[in-house]
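Each chain, letter by letter, is given below.
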Amino acid sequence: MNSEPAEHAEATERRVKSYNLPTELAEYVERKAGRRGASAYISNLIAADRHRDLVRQELAEFGYTGDMEITDEGRARARRRLNRHAASKAARAQQQAA
């Protein structure tokens, strides 16, 4: 395993573990990881997943549950709104440049 620190890993202590992956996934990891190595790539994926879990937990603690829970539909709605805003901003900038 590669011992390079992961970009987002906070801990400096390392534990050597071995996990089995289906060949197709192992090859995918190796292609995606490139020179940084599979360990760093996998560490970054796990750190990002842990971060998402912590964010969800904090949101739940602040009452974002039930009807206010963040859903795929809600994320899609927010993404569409952000895209419309970005397109509108670009159109204004283009009009000002003309």
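Let us look at the structure shown here. (Residues numbered from 1 in each chain as written. Predicted model: local features only at pLDDT ≥ 70, side-chain atom pairs only at ≥ 80, totals over all residues. Heavy atoms only, no water.)

Turning next to the overall build of the protein. Of regular secondary structure, the protein possesses three helices and zero strands. Buried positions account for 9% of the 98 residues belonging to the protein. With the model as given, the accessible surface of the protein reaches about 9,000 Å², and the carbon-plus-sulfur share is 51%. (Helix = DSSP H or I, 4+ residues; strand = E, 2+ residues; numbered from the N terminus. Buried < 20%, exposed > 50% of the residue type's maximum accessible area, 1.4 Å probe, protein only. Areas by Shrake-Rupley, 256 points an atom, 1.4 Å probe, with all protein chains shown as cover.)

Quick look at the packing of helix H1 (residues 23-33) against helix H2 (residues 38-61) now. For the pair H1 and H2, the least separation of the axes is 8 Å and the interaxial angle reads 95°. Considered as vectors, H1 and H2 are oriented roughly perpendicular to each other. In this structure, H1 contributes Tyr 28, Val 29, Lys 32 and Ala 33 to the contact, and H2 contributes Ala 38, Tyr 41 and Ile 42. Here the contact of H1 with H2 is built from residues that sort into six nonpolar, no polar and one charged. (Axes fitted to C-alpha atoms, helices over the stretch in contact; angles between N-to-C directions. Parallel < 35°, antiparallel > 145°, perpendicular 65-115°, else oblique. Contact = heavy atoms within 4.5 Å. Nonpolar A, V, L, I, M, F, W, Y, C, P; charged D, E, K, R; others polar.)

Once that is clear, we can look at the pattern of salt bridges. Following the criterion strictly, the structure yields three salt bridges and no others. In this structure, Arg 77 and Glu 73 form a salt bridge, with 3.2 Å as the shortest nitrogen-oxygen distance. Residue Arg 77 and its partner Glu 73 are located together in helix H3 (residues 72-97), separated by four residues, close to a single helical turn. A residue is classified by how much of its surface remains accessible, and Arg 77, at 46% relative accessible area, is partly exposed. (Salt bridge = Lys/Arg side-chain N within 4 Å of Asp/Glu carboxyl O.)

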